[in-house]
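# Architecture at a glance
Single-letter residue listing:
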Amino acid sequence: MRTSARRRLLLAASSAAAGGLIAGCATPPFGSARPAAAYPFTLGVASGYPTADSVVLWTRLAPDPGSGDPELAAAVPVRWEIADDEAMHRIVANGTIDAVAGSAHSVHVEAIGLKPNRWYWYRFSAQGHRSRTGRTRTLPDTDSVVSRLRLGVASCQNHEHGFYAAYRHLLADQPDLVVHLGDYIYEGTWGQNLVRPLHLGEAQTLGEYRTRHALYKRDPDLQDAHALFPWVMVWDDHEVSNDYAGASAERIVPRDAFLKRRADAYQAYFEHMPMPRRMMPSGPDMRIHTSMRIGSLATLYLLDHRQYRNPQACPLPGRGGATTVVATQCQELQDPARSVLGWDQERWLDEAFAHSSTPWNLLAQQTLMAPLAVPSREENSASRVRTDGWDGYPPARRRLLDSMTGRRLRNPIVMGGDLHAFYVADLRAGEDPASEIVASEFVGTSITSQAAQQAYYDRLKAANAHIHHANGTQRGYLRLTLTTNRVEADLMGLDDVRLADSKISRQAGFVVEAGRPGPVPA
Ligand SMILES: [Fe+2]
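Here the structure is a predicted model, which means the values were calculated and not measured. Residue numbering note: each chain is counted from 1, following its sequence as written. Since the coordinates come from a predicted model, pLDDT governs what is reported: local features require at least 70, and pairs of side-chain atoms require 80 or more to be given and counted, while whole-chain, interface and lining totals use all residues. The side-chain quantities take in all heavy atoms of the structure and omit both hydrogens and water.

## Description of the packing of helix α3 (residues 165-172) against helix α5 (residues 220-228)
Axis definition: a line fitted to C-alpha atoms, limited for helices to the stretch in contact. Angles are taken between N-to-C directions and run from 0 to 180 degrees. Helix and strand labels come from DSSP, where a helix needs a run of H or I of at least four residues and a strand needs a run of E of at least two; each type is numbered from the N terminus. Interhelical geometry of α3 versus α5 gives an angle of 25 degrees and a closest axis separation of 8 Å. The orientation of α3 relative to α5 falls into the category roughly parallel. Judged by the twist between their axes, the crossing of α3 over α5 is left-handed. Of the residues in α5, those touching α3 at A165, Y167, R168 and L171 are D221, L222, D224, A225 and L228. Oblique is the label for any angle not under 35 degrees, not over 145, and not in the 65 to 115 range, which are roughly parallel, roughly antiparallel and roughly perpendicular in turn. Two helices cross in a left-handed way if the nearer one is turned anticlockwise from the farther one by less than a right angle. They cross in a right-handed way if the turn is clockwise. Two residues qualify as a contact provided that any one of their heavy atoms is within 4.5 Å of a heavy atom in the partner residue.

## Overview of the packing of helix α4 (residues 206-217) against helix α6 (residues 255-271)
How two helices sit against one another is set out by the angle between their axes and by the gap between those axes. Contact pair α4 / α6: the axes reach a minimum separation of 8 Å and the direction vectors enclose 35 degrees. α4 and α6 meet at a crossing whose hand is right-handed. Contacts from L206, Y209, R210 and H213 of α4 reach α6 at R261, D264, A265, Q267, A268, Y269 and E271. A class-by-class count of the residues in the contact of α4 with α6 yields five nonpolar, two polar and four charged. For this classification, Asp, Glu, Lys and Arg are treated as charged, while Ala, Val, Leu, Ile, Met, Phe, Trp, Tyr, Cys and Pro are nonpolar and the rest, including Gly, are polar.

## Observations concerning the packing of aromatic side chains
Only the six-membered ring of Trp is used, alongside the rings of Phe and Tyr, when aromatic pairs are assigned; centres must lie within 6.5 Å, and planes under 30 degrees apart are stacked while those over 60 apart are edge-to-face, with the rest tilted. Scanning the entire structure with this criterion turns up 13 aromatic pairs. Ring centres of Y456 and Y457 lie 5.2 Å apart, and the angle between their planes is 75 degrees; this geometry places the pair in the edge-to-face category. Of the residues examined, Y456 reaches a relative accessible area of 25% and is grouped as partly exposed. Buried means the residue's accessible area, taken with a 1.4 Å probe over protein chains only, is under 20% of the maximum for its type, while exposed means over 50%, and partly exposed covers the values in between. What makes Y457 buried here is its relative accessible area of 3%. Cluster of aromatic residues (ring-pair linked, three or more members): Y164, Y167, Y184 and W231.

## Observations concerning the nonpolar core
Among the nonpolar cores identified, the biggest contains 78 residues, and M275 and L300 are the most heavily contacted of them. Broken down by element, the residue count for this core peaks at six residues, all from α6. Beyond its immediate stretch of four places on either side in the chain, L300 contacts L177, V232, T290, S291, M292, I294, L362, A364 and M415. One finds L372, Y393, M404 and V443 within the second-largest nonpolar core, a separate group that totals 32 residues. To define a nonpolar core, start from buried Ala, Val, Leu, Ile, Met, Phe, Trp, Tyr and Cys residues and group those joined through side-chain atoms within 4.5 Å.

## Let's talk about the coordination of the iron ion
Counted as donors are the N, O and S atoms within 2.8 Å of the metal, or 3.2 Å for Na, K and Ca, while water is not among the atoms, so some sites may look incomplete. The coordination sphere of the iron ion, as far as protein atoms go, consists of C156 (SG), D183 (OD), Y186 (OH) and H420 (NE2), spread over 2.1 to 2.6 Å. Site shape is set this way: if four donors have all angles between 85 and 135 degrees, tetrahedral; if opposite donors are over 155 degrees apart and all others between 65 and 115, square planar for four donors and octahedral for six; otherwise irregular. One way to put it: the four donor atoms around the iron ion meet at angles of 84 to 168 degrees, and that makes the site irregular. Going along the chain, you hit the donors of the iron ion in the pattern C-x26-D-x2-Y-x233-H. Taken together, the positions of D183 in the loop between β10 (177-180) and α4 and H420 in the loop between β17 (412-416) and β18 (422-428) put the pair 237 residues apart, joining distant regions of the chain. Accessibility expressed as a relative area gives 9% for H420, which makes it buried.

## Details of the state of the cysteines
In plain terms, two cysteine sulfur atoms within 2.5 Å form what is called a disulfide here. Counted under the stated rule, the structure contains one disulfide. Note that C314 is cross-linked by a disulfide to C330, the S-S spacing being 2.0 Å. Here the S-S torsion is close to 95 degrees, and the disulfide linking C314 with C330 is therefore right-handed. With C314 in the loop between β13 (298-302) and β14 (324-325) and C330 in the loop between β14 and α7 (343-355), this residue pair connects regions lying 16 residues apart in the sequence. C314 sits in the partly exposed class, given a relative accessible area of 24%. Classification of C330 by relative accessible area gives buried; the value is 2%.

## Brief notes about unusual backbone geometry
Look at A104: it is not a glycine, yet its phi comes out positive at around 55 degrees. Checked against the element boundaries, A104 lands in the loop between β4 (91-100) and β5 (106-112). On the accessibility criterion, A104 (5% relative accessible area) is buried. In this model, C156 sits at a positive phi of 55 degrees, which is unusual for a non-glycine residue. Looking at the element boundaries, C156 is found in the loop between β9 (149-154) and α3.

Shown next, in the form of structure tokens:
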């Protein structure tokens, strides 16, 4: 049942490519060489960070993921090929690269010299085996007219909480690009009634983070979503540790010890993502913030709100990380020296806004940017704010919104994840509910990660007039379709994340018209 459901959706996504893609894991060895080793492409293939003339191709050799693959040689040659036809007859670039043990035998190839705005197919071969054939697409030339762009926006995919059916539906929507907003893995186990437990302790070391990534990547729906479309991604906290902020962790440990853990987590993250080599980490530092222009239509800003932020304000005694506070009882919240993005990234973003010339500007970041007052259950008690999100750094949020207005950024749309619920909001210039709307905001729900009871989101919506929608009942993803004049946002919700072949439906739809910030129900 599950296989046939996958097959139907893959056929819908790519009638031509589907057969080869499904058969990928069983692809016979290439040439006449007898395979000398076990099949190494168990984690699939992926592509990412397309430009008008290049794309990153990724795989990792892992015959026995989870074991660390001690039998693999220190360096294994991997052949890569990219073609402009699905049958791989017209190879346009190829080469051989060593997959080395120091990078967990991962491969990051930047295929260059491609043509803009077209599909390509790619595959790898090593040790007498050939990978499945992946499919990817270059971006349009920066000056060319793009009439329509579709993004599939995903976040928070706790393996233990459910199946990745959302990805099957997402790829059937034929996105031009998949955008992942973080919590690609969870470093530890939490939640109730686990559907797919991993039986692992909390990841703390390079080997443990690698194992987590590898076990997540074994999922066939996740592999299909990577193999059929190019991705871009930003991380949130769980790629390293819950609620971490810069060099500080929730559980207080010496700074050097946490930075070592962060370096290991970033290393494993890079090894498993189709990221360009310029993003390769150096110790605990890994620059992932970047921007990309998508033809004449949109600029996408990929932001990092974890690596450079100041620690959360007013933590509970004896620990770091987030809490909820009554805003007036935490002076530190108003300290203008505190930053979410860090000063360098703030300046970089302000400059990027200054140079934007596209009608749409999309910010891919991690969590809700709009203020969110959490009402108290007790009567006459003040509402609270969460210190981990933008509410924990109000002057930094004001600087970002001021930068949008000061630079006359056209039609900003903010995308977020983290909260495991759909939120649709107006982002206003000031605290005053009558102040001008600067941007429109959409927070996707989680691919699988569990949420609170709906009564909680109902209370939030009732207490926050600028929040148009707050719903945590469904897992799923956000589908954004851009044209010159409008953006359609569809909130796609699964019937049941505990079922591998769950159906999906549109929980709600909103539209943003160009020149008129603020989402309205579709
Ligand atoms: Fe999450």
